[in-house]
Amino acid sequence: MRHDLSRLQRPEFIGILSSALLVLSLFLPWYSLGGGFALRNNQDAWICGVGNFSCTAWDTFPINRWLLVAAATAPLILSYLVATHQRGKYPTGEFTMTVGFVVVVLVGFNGILSKPGGFGQFGISLDWGFFVAIIAGLLMAASGAMRSLESGGGSKRKPPATY
């Protein structure tokens, strides 16, 4: 297969940037703990490890970290398909756009509704790595949407009952 890297345009570069941001965000602090050392030590409330006042996504999520790494490959696959002139069943970019929205939902769920430590924990707040992951998911969805529009928009459909 012949690779033509000159075919890569702004959507693919934005997608590659979003992949890098998403993987980088896994190693940035997602949660920070308040309450001070003495209070946490008395209640044994160290959800990030004893003495750690911040948690990364890589340390916190044993399964979701691999899902997010897998999601980071979607823009890379899109770039490969564009560079090799391959066409899939759907317009190029729709899969990447969908994966980007799934990343936003998965990160949002784990950051807002399902924080580490369970319901009874106190003083857990979101840190800047969480927001980097949300931005990466939105950039991924935007890059897929832009590529989908450039490749002709949504699926070509026939009206009902036509032959």
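Residue indices begin from 1 for each chain and proceed along its sequence in written order. Thresholds applied to this predicted model are a pLDDT of at least 70 for local features of residues and 80 or more for the giving and counting of side-chain atom pairs; totals over whole chains, interfaces and linings are not thresholded and use all residues. Side-chain numbers come from the whole structure's heavy atoms, not from hydrogens or water.

### Focus on the pattern of salt bridges
1) Next: Here, a salt bridge means any Lys or Arg side-chain nitrogen found within 4 Å of an Asp or Glu carboxyl oxygen. The tally for this structure, following the rule as stated, stands at one salt bridge.
2) Next: With a shortest N-O distance of 2.5 Å, glutamate 12 and arginine 147 are connected by a salt bridge. Placement of glutamate 12 in helix H1 (residues 10-25) and of arginine 147 in helix H7 (residues 128-150) is noted, with a sequence separation of 135 residues between them. Assigned by exposure class, glutamate 12 and arginine 147 land together as buried. Secondary structure elements follow DSSP: runs of H or I no shorter than four residues count as helices, runs of E no shorter than two count as strands, and numbering proceeds from the N terminus. Note on classification: 1.4 Å probe, protein chains only; a residue is buried when its accessible area is under 20% of the maximum for its type, exposed when over 50%, partly exposed between these limits.

### Quick look at the packing of aromatic side chains
Note on aromatic pairs: each is described by the distance of the centres and the angle between the planes.
1) Next: We call Phe, Tyr and Trp rings a pair once their centres come within 6.5 Å, taking the six-membered ring for Trp, and we label the pair stacked below 30 degrees between planes, edge-to-face above 60, and tilted otherwise. Considering all chains together, one arrives at six aromatic pairs under this definition.
2) Next: Ring centres of tryptophan 30 and phenylalanine 61 lie 5.7 Å apart, and the angle between their planes is 65 degrees; on these two criteria the pair is classed as edge-to-face. Of this pair, tryptophan 30 sits in strand S1 (residues 29-33) while phenylalanine 61 sits in the loop between helix H3 (57-60) and helix H4 (64-71); the two residues are 31 residues apart in sequence, bridging distant segments of the chain. Across the pair, phenylalanine 61 and tryptophan 30 agree in class, each one buried.
3) Next: A centroid spacing of 6.3 Å and a plane angle of 70 degrees characterise the contact between tyrosine 31 and phenylalanine 61, whose relative ring orientation is edge-to-face. Note that tyrosine 31 is positioned in strand S1 and phenylalanine 61 in the loop between H3 and H4, a separation of 30 residues in sequence. Here tyrosine 31 and phenylalanine 61 have matching classes, each one buried.
4) Next: Geometrically, a charge over a ring is one whose NZ (Lys) or CZ (Arg) sits within 6 Å of the ring centre while staying within 35 degrees of the ring normal. The residue whose ring lies beneath arginine 65 is tryptophan 58, and the NZ or CZ to ring-centre distance is 4.9 Å.

### Comments concerning helix H5 (residues 74-83)
1) Next: Within the sequence span of H5, burial applies to Ala74, Pro75, Leu78, Ser79, Val82 and Ala83.
2) Next: Contacts are residue-level and defined by heavy atoms, with any inter-residue pair within 4.5 Å sufficient. Check the buried side of H5 and you find it contacts H1, H4, helix H6 (94-113) and H7.
3) Next: Phi turns positive, to about 65 degrees, at histidine 85, one or two residues after H5.

### Overview of the packing of H5 against H6
How two helices pack is summed up by the angle between their axes together with the distance between the axes.
1) Next: Axis separation between H5 and H6 bottoms out at 9 Å; the angle between their running directions is 170 degrees. With respect to each other, H5 and H6 are oriented roughly antiparallel. Here Ala74, Pro75 and Leu78 of H5 come into contact with H6, specifically with Phe95, Thr96 and Val99.
2) Next: Each residue is assigned to one class: nonpolar for Ala, Val, Leu, Ile, Met, Phe, Trp, Tyr, Cys and Pro, charged for Asp, Glu, Lys and Arg, and polar for all the others, Gly among them. Split by residue class, the contact of H5 with H6 holds five nonpolar, one polar and no charged. Between N-to-C directions, angles span 0 to 180 degrees; the directions come from axes that are lines fitted to C-alpha atoms, helices contributing only their stretch in contact. An angle below 35 degrees is treated as roughly parallel, one above 145 as roughly antiparallel, one from 65 to 115 as roughly perpendicular, and anything else as oblique.

### Concerning the sheet that holds strand S2 (residues 54-56)
1) Next: Strand order across the open sheet formed by three strands is S2-S1-S3, with antiparallel pairing between neighbours. Both edges of this open sheet fall to S2 and strand S3 (124-126), since each of them pairs with a single strand only. Taking the axes of each pair of neighbouring strands and ignoring which way they run, one obtains an average angle of 30 degrees across the sheet.
2) Next: The pairing of S1 with S2 spans three bridges and is antiparallel. Looking at the pairing, proline 29 lines up with threonine 56 of S2. Each pair of strands is called paired provided DSSP finds at least two bridges between the two strands.

### Re the environment of leucine 81
1) Next: Turning to its location among the elements, leucine 81 is positioned in helix H5.
2) Next: Given the relative accessible area of 25%, leucine 81 is considered partly exposed.
3) Next: A sequence separation of 73 residues divides leucine 81 from leucine 8, and the C-alpha atoms of the two residues are 9.8 Å apart.

### A closer look at the nonpolar core
1) Next: By size, the foremost hydrophobic cluster in this structure holds 22 residues, and its most contacted members are Leu22, Trp30, Tyr31, Leu68, Val99, Val103 and Val107.
2) Next: Broken down by secondary-structure element, the contributors of at least two residues to this core are S1, H4, H6 and H7.
3) Next: With five residues, the single largest contributor to this core is H7.
4) Next: Those residues in contact with valine 103 that lie beyond four places of it in its chain are Leu22, Leu68, Ala71, Ala133 and Gly137. We call a set of buried residues a nonpolar core when its members are Ala, Val, Leu, Ile, Met, Phe, Trp, Tyr or Cys and they connect through side-chain atoms within 4.5 Å of each other.

That is the geometry; function is a separate question.
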